[in-house]
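# Structural overview for review
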Amino acid sequence: LGKIILFPKETSTDHVILKPTVERPLKQLTVCLRSYTDLSRDHSLFSIATPTMDNAFLIFPQPPKSCGVYINQEVISFNVDPEVAAWKQTCVAWDSETGLLQLWINGKRYPRRVTTSRSPIGPQMSVILGQEQDSFGGRFDAKQSFVGELCDINMWDYVLPPETITQYFHSSHNINGNFIGWNNELYSSKGNAKVLKDEFCSLYPV
């Protein structure tokens with residue numbers, strides 16, 4: 001609790017590496033995080049690459065009215081409410097068996113989609129915040145970098161039920177991911193990405 005990751009400017013170097021608690025193939029997943037930015041261009045929030053797929057999983061907002069989610073190189077685009085300069089909570093859930101893909105933003109679930117891919121992700125994976133990987137752990141493009149603040153980043157190896165996602169929106173500090181947990185502090189920052197002590201994220205929504 002009480003921390004925020006700040007990405008202060010557009011670069012091809014600033015990023016944060018997240019370290020899963022275990023390495024195993026992901027047949028299901030849920031990723032939730034909070035972000036704050038005034039970017040009006042495409043940018044990466046959360047990127048997973050494997051040795052054979054640079055976009056094994058990617059949350060890629062495309063302001064002002066679109067958000068792309070990549071699963072095993074396949075991109076699914078969602079039409080979303082226009083971007084505003086305010087804290088935003090994003091959750092993505094996916095099930096490889098059914099291909100069902102869900103996007104939630106600020107407690108609102110957008111119409112569900114189904115991916116073509118049914119392959120699990122991993123087990124070997126590189127998990128990066130703030131940059132879009134064009135190779136395993138690298139080849140970043142400054143024009144796709146995130147500039148702003150991130151917090152409450154959690155990942156589960158299963159699909160969270162809707163009531164839990166709703167609870168996350170209202171009281172995220174009581175929920176911790178079992179695959180990547182915000183309270184576990186298994187991360188390292190690179191470049192000028194800074195981890196700051198800040199209570200504001202735990203007070204969201206405002």
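Residues numbered from 1 in each chain as written. Predicted model: local features only at pLDDT ≥ 70, side-chain atom pairs only at ≥ 80, totals over all residues. Heavy atoms only, no water.

If you look the protein chain up in an unreviewed UniProt entry, it shows as Pentraxin family member from Eleutherodactylus coqui. Regarding the protein chain, the relevant UniProt record gives this comment under Sequence similarities (unreviewed entry): "Belongs to the pentraxin family." Comment text from UniProt for the protein chain, heading Subunit (unreviewed entry), reads "Homopentamer. Pentaxin (or pentraxin) have a discoid arrangement of 5 non-covalently bound subunits." (UniProt positions renumbered as here; feature names shortened; annotations may be inferred.)

### Quick notes on the nonpolar core
A general trend in soluble globular proteins is that nonpolar side chains are found buried together. Residues Phe-46, Ile-48, Phe-57, Ile-121, Leu-129, Ile-153 and Met-155 are the most contacted members of the largest nonpolar core, which totals 42 residues. Looking at this core, the element that brings in the most residues is strand E13 (residues 148-156), giving four residues. For Ile-121, the contacting residues outside a window of four places in its chain are Arg-24, Pro-25, Leu-26, Leu-29, Ile-48, Thr-50, Ala-56, Phe-57, Asn-72 and Trp-94. In this structure, Cys-32, Cys-91, Trp-104 and Tyr-168 belong to the second largest nonpolar core, which totals eight residues. (Core = buried A, V, L, I, M, F, W, Y, C linked by side-chain atoms within 4.5 Å. Buried < 20%, exposed > 50% of the residue type's maximum accessible area, 1.4 Å probe, protein only. Helix = DSSP H or I, 4+ residues; strand = E, 2+ residues; numbered from the N terminus. Contact = heavy atoms within 4.5 Å.)

### Regarding the pairing of strand E6 (residues 66-71)
The buried fraction of E6 amounts to six of the six residues, a majority that puts the element mostly inside the structure. Burial of E6 is two-sided: the residues Ser-66, Gly-68 and Tyr-70 facing one way and the residues Cys-67, Val-69 and Ile-71 facing the other way are all buried. Pairing between strand E5 (residues 57-62) and E6: six bridges, direction antiparallel. Paired with Leu-58 across the bridge in E6 is Tyr-70. In this antiparallel pair of consecutive strands, E5 and E6, the connection spans three residues. (Pairing = 2+ DSSP bridges.)

### Some remarks on the packing of aromatic side chains
Per the counting criterion, the structure on display carries five aromatic pairs. With 5.3 Å between their ring centres and 20° between their planes, Tyr-36 and Trp-87 make a pair best called stacked. With Tyr-36 in strand E3 (residues 28-36) and Trp-87 in the loop between strand E7 (74-79) and strand E8 (88-95), this residue pair connects regions lying 51 residues apart in the sequence. Looking at Trp-87, the relative accessible area reads 7%, which means it is buried. On the basis of an interplanar angle of 85° and a centroid distance of 6.4 Å, the ring pair of Trp-156 and Tyr-168 is categorised as edge-to-face. With Trp-156 in strand E13 and Tyr-168 in helix H1 (residues 162-171), this pair connects stretches of sequence that are twelve residues apart. The exposure classification of Trp-156 matches that of Tyr-168, with both residues buried. Here the guanidinium or amino end of Lys-3 rests over the ring plane of Trp-182, the centre of that ring lying 4.3 Å away. One cation-aromatic arrangement involves Arg-113 over Phe-78; the distance from NZ or CZ to the ring centre is 4.9 Å. (Phe/Tyr/Trp six-rings, centres within 6.5 Å; stacked < 30°, edge-to-face > 60°. Lys NZ or Arg CZ within 6 Å of the ring centre and 35° of its normal.)

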